[in-house]
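# Inside the fold
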Amino acid sequence: MDSTLIFVCCIVILLMQLGFLALEAGQVRAKNIVNVAYKNLFDLAISLLLFWLLGYGVIFGWEEEEALIGQLFAHQLDGPQEPLFFLLQALFCATAATIISGAIAERGSLSGFLLMVALTGGLIYPVAALLVWGQSQIPIASGLYHLGFRDLAGATVVHGVGGAVALAAIILIGPRLGFARDSKPKPSQPLFAISGTVLMWIGWVGFNCGALLLLSSQTYQVAVNTLLAGGAGFICASWLSLRQFGFVHLGWACNGIIAGLVSVTAAADVIHAWQAVVIAVIGSAIAMWGTLWLEKYGIDDVIAVVPTHLFAGIWGTLCVGLFGNLELLQTGLTRPVQVTVQAIGSLALVLWAFGCAWVFLTLFNHMVPLRVSRQTELDGLDRHLHGVDAKLLDRALILQHSDAPTQTSPPPRATKTADDTPTTAAITEAPSTAMSGSHRSLRQQHSEPASLSDLTHPSAAQEQVFNLHSSLEQALDLCLPNIPAHICLTRELCSKPAWIYACPNQLTQVIINLINNAIDAMPANGMLRLVSQQQPGSVWLDIIDTGSGIRSSDLPRLFDADFTTKPQGKGEGLGLSICRELVERFGGRIAVMSQPGKGSRFRLIFPAAEPPADLGPAAPEPSPRSS
């Protein structure tokens, strides 16, 4: 064992922990960044301690056919190089544990995460590593190794096991509020995600090279294969996202790198460079397909842990048999038998990790919930678990200090027929920010007493069950005096009360902002329609205008906080970003349908709520009106 190589690789592998932290922080919403960062520190600390107390002894504390108690628990690490070897193995264990936090981000409880880390670091990973890398002469203890199963740096032992535990956790916990196949909460810090991916790419070189334990020409080949695999995965995922979405999806590009790296982890020492590229391209494609497949069935994996680590890990492990140099493997198996052994080993490890996690997490969930409360999830885990709640207020303050009053003279009065309702040419589900990226500040409305500070004032944040129509009526009362005469306004409300759980005052502000944006986008003879619908389990409110519409090329950026389609100085692109955050806080989402030159439809979608228990005789719904 080369001590210098191992020590350097351990330091480099630590960069992967920082990479995981930055990647996860960049892929979640601002209200949960502190929580995911804390969980990454948490799992590193807990997994290192548990691996020292128990895990290392389970894997390497065996002598001949007897297990010595002193070697199984709190291992002494007496040998001259044993502390260094322990450190390398402990970081492998920490990697398996840290994978889980990204999958359950934004709704997993700290107590539930503690159990997941404890299970992974103290039981699931050590047993998996014992089966493949253990030193026991007892066949059943190191059974997969004696069978001929090989996995250089843990494509399945580390990444597959972590991904299997994550899969069990996200199925039991369920998706985030407001999650849908075509509408997912949008990441808040893309630069963090990119930086984290680069750090992981660097750390992966130490991960794979360190597994060799010796510095030789083979080490250099492993480094080359690792770097090439990341690049090939990146190119493949970028191309696939361009085909799927019409633009390069940043999340897919980053996950393509990781999938390529995971795919080559098992066989990096027994393949050529061209084979590493082929393996990474296929692994990246499998991960991207897996991402779509999970979304199709409503499985909410925030940073695509399962596709990139579990699916790509299994593929990479099979590649040991499919592409590996049999002479270097030294198992004495033919290629078909080697592939079969790799498949059996991968299946056994994944079933062990998933089954064990499922049983323990199911039992624990009956005692202490694995998921935070609805209110905690809506407000953000940072606020309730870490005392941090500044993002929304910061944005509101920026708006207050950047707004400048504007005045417009209304054009001549005109009329509009219902036949001119805009048609839908492009649809985008908005897990993120706002309309044409622009806003009209509420303080710019001459007759409106509210200001943006009301959005974050504690007195305006009282959430309750109420009728959505009441917020709409309040918004209309404030907006009507300022709607130009040339705008035809119609209101089409469903006959029954539309009960939702939200803050009435803040929702009124959201509706006002959307109406004002619609008015700004409309020329003479414009029509504005407000339509409410009740669907099974949800309530919809459509704000439809016959304005200029939104270009299809702008739709992917439509909800970015720094994007606006208005001329410079006419809008900062922040007002509707706040609208998005408020809608998501109430468990809802915003969908946008638009066609240039025809108009736009903004749809607010909220989970339906039960009517208040103390509700008296129902008052008749107001009849539709036009202005």
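Residues numbered from 1 in each chain as written. Predicted model: local features only at pLDDT ≥ 70, side-chain atom pairs only at ≥ 80, totals over all residues. Heavy atoms only, no water.

### Section: the overall build of the protein chain
Worth spelling out the cut-off: Secondary structure counts use DSSP, requiring at least four H or I residues in a row for a helix and at least two E residues in a row for a strand, with both numbered from the N terminus. Note on classification: 1.4 Å probe, protein chains only; a residue is buried when its accessible area is under 20% of the maximum for its type, exposed when over 50%, partly exposed between these limits. All accessibility values rest on the Shrake-Rupley procedure with a 1.4 Å probe; residue burial counts only the protein chains present in the view.
The number of helices and strands found in the protein chain is 21 helices and ten strands. Among the 627 residues that make up the protein chain, the fraction classed as buried is 56%. Looking at the protein chain as shown, the accessible area adds up to about 24,900 Å², and 63% of this sits on carbon and sulfur atoms.

### Considering the packing of aromatic side chains
Quick reminder of the rule: Only rings of Phe, Tyr and Trp enter the pairing, Trp through its six-membered ring, and a pair is recorded when the two centres are within 6.5 Å. The plane angle decides the type: under 30 degrees is stacked, over 60 is edge-to-face, the rest tilted. Note on geometry: a ring has a charge over it if NZ (lysine) or CZ (arginine) is within 6 Å of the ring centre and within 35 degrees of the ring normal.
Following the criterion strictly, the structure yields 17 aromatic pairs and no others. Ring geometry for Phe 92 against Phe 207: centres 4.3 Å apart, planes inclined by 20°, an arrangement best described as stacked. Of this pair, Phe 92 sits in helix 4 (residues 82-103) while Phe 207 sits in helix 8 (residues 190-210); the two residues are 115 residues apart in sequence, bridging distant segments of the chain. The same class applies to Phe 92 as to Phe 207, namely buried. By way of ring pairs, the aromatic residues Phe 51, Tyr 56, Phe 60, Phe 85, Phe 86 and Tyr 125 are connected into one cluster. Sitting over the ring of Phe 113, Lys 39 keeps its end group 5.7 Å from the ring centre.

### Remarks on a nonpolar patch on the surface
Put simply, the test is: Here a patch means residues that are over 30% exposed by relative accessible area and free of salt bridges, tied together within 9 Å if like-charged and within 5 Å if nonpolar (Val, Leu, Ile, Met, Phe, Trp, Tyr). By definition here, a salt bridge exists when the distance from a side-chain nitrogen of Lys or Arg to a carboxyl oxygen of Asp or Glu is within 4 Å.
A surface patch of nonpolar side chains, amounting to about 500 Å² of accessible area, comprises Leu 191, Phe 192, Ile 194, Val 198, Ile 202 and Leu 250. The dominant element in the nonpolar patch, judged by the number of residues it contributes, is helix 8, at five residues. In this fold, Phe 192 is placed in helix 8. Taking relative accessible area as the criterion, Phe 192 reaches 38% and is therefore assigned partly exposed.

### A look at the environment of Leu 15
Topologically, Leu 15 is positioned in helix 1 (residues 3-27). It is 7.5 Å that separates the C-alpha atoms of Leu 15 and Ile 202, two residues lying 187 residues apart in sequence.

### Description of the packing of helix 1 against helix 4
Our working definition: Axis lines are fitted through C-alpha atoms, for helices just across the contact stretch, and the angle between N-to-C directions can take any value from 0 to 180 degrees. Just so you know how the angles are binned, under 35 degrees is roughly parallel, over 145 roughly antiparallel, 65 to 115 roughly perpendicular, and the rest oblique. Each crossing is labelled by how the near helix is turned from the far one, with a counterclockwise turn of less than a right angle marking it left-handed and a clockwise turn marking it right-handed. Pairs of residues are marked as contacts when any of their non-hydrogen atoms sit within 4.5 Å.
Packing of helix 1 against helix 4 leaves a shortest axis separation of 10 Å and a crossing angle of 15°. Relative to helix 4, the element helix 1 lies roughly parallel. Crossing angle aside, the handedness with which helix 1 passes helix 4 is left-handed. From helix 1, Ser 3, Ile 6, Phe 7, Cys 10, Ile 13, Leu 14, Met 16, Gln 17, Phe 20 and Glu 24 reach across to helix 4, where they touch Leu 84, Leu 87, Leu 88, Leu 91, Phe 92, Ala 94, Thr 95, Thr 98, Ile 99, Ser 101 and Gly 102.

### Description of the packing of helix 2 (residues 33-60) against helix 5 (residues 110-133)
Inclusion rule: Asp, Glu, Lys and Arg are counted as charged, while Ala, Val, Leu, Ile, Met, Phe, Trp, Tyr, Cys and Pro are counted as nonpolar; the rest, among them Gly, fall into the polar class.
Put simply, helix 2 and helix 5 touch, their axes get as near as 8 Å, and they point 40° apart. In terms of crossing hand, the pair formed by helix 2 and helix 5 is right-handed. Grouping the amino acids of the contact of helix 2 with helix 5 by side-chain chemistry returns 20 nonpolar, five polar and two charged.

### Details of unusual backbone geometry
Positioned with a positive phi, Leu 213 is a non-glycine residue whose angle comes to about 75°. As for its placement among the helices and strands, Leu 213 is situated in the loop between helix 8 and helix 9 (217-245). Backbone geometry at Ala 304 places phi at a positive 60°, although glycine is not the residue there. Considering the arrangement of structural elements, one finds Ala 304 in the loop between helix 11 (273-296) and helix 12 (305-323). In this structure Ala 304 comes out as buried when scored by relative accessible area, which is 5%.

### Structural notes on the pattern of salt bridges
A side chain with one charge may pair with a side chain of the opposite charge, provided their charged atoms come close. This structure, assessed with the given rule, holds eleven salt bridges. For Arg 29, the salt bridge goes to Glu 584, with nearest N and O atoms at 3.1 Å. One end of the pair, Arg 29, is in the loop between helix 1 and helix 2; the other, Glu 584, is in helix 21 (residues 575-585), and 555 residues separate them in sequence. Here Arg 29 matches Glu 584 in class, with each residue buried.

### Some details on the nonpolar core
Rules: As used here, the term nonpolar core means buried Ala, Val, Leu, Ile, Met, Phe, Trp, Tyr and Cys residues forming a set that is joined through side-chain atoms within 4.5 Å.
Core analysis: the biggest nonpolar cluster contains 112 residues, and Met 116 and Tyr 125 have the highest contact counts within it. If one sorts the elements of this core by residue count, helix 4 sits on top with 13 residues. If near-sequence neighbours (up to four positions away) are discounted, Met 116 is found in contact with Ile 100, Ile 104, Ala 169, Ile 173, Leu 361 and Leu 370. Grouped together as the second largest cluster of nonpolar side chains are 43 residues, Leu 472, Leu 476, Phe 559 and Leu 604 included.

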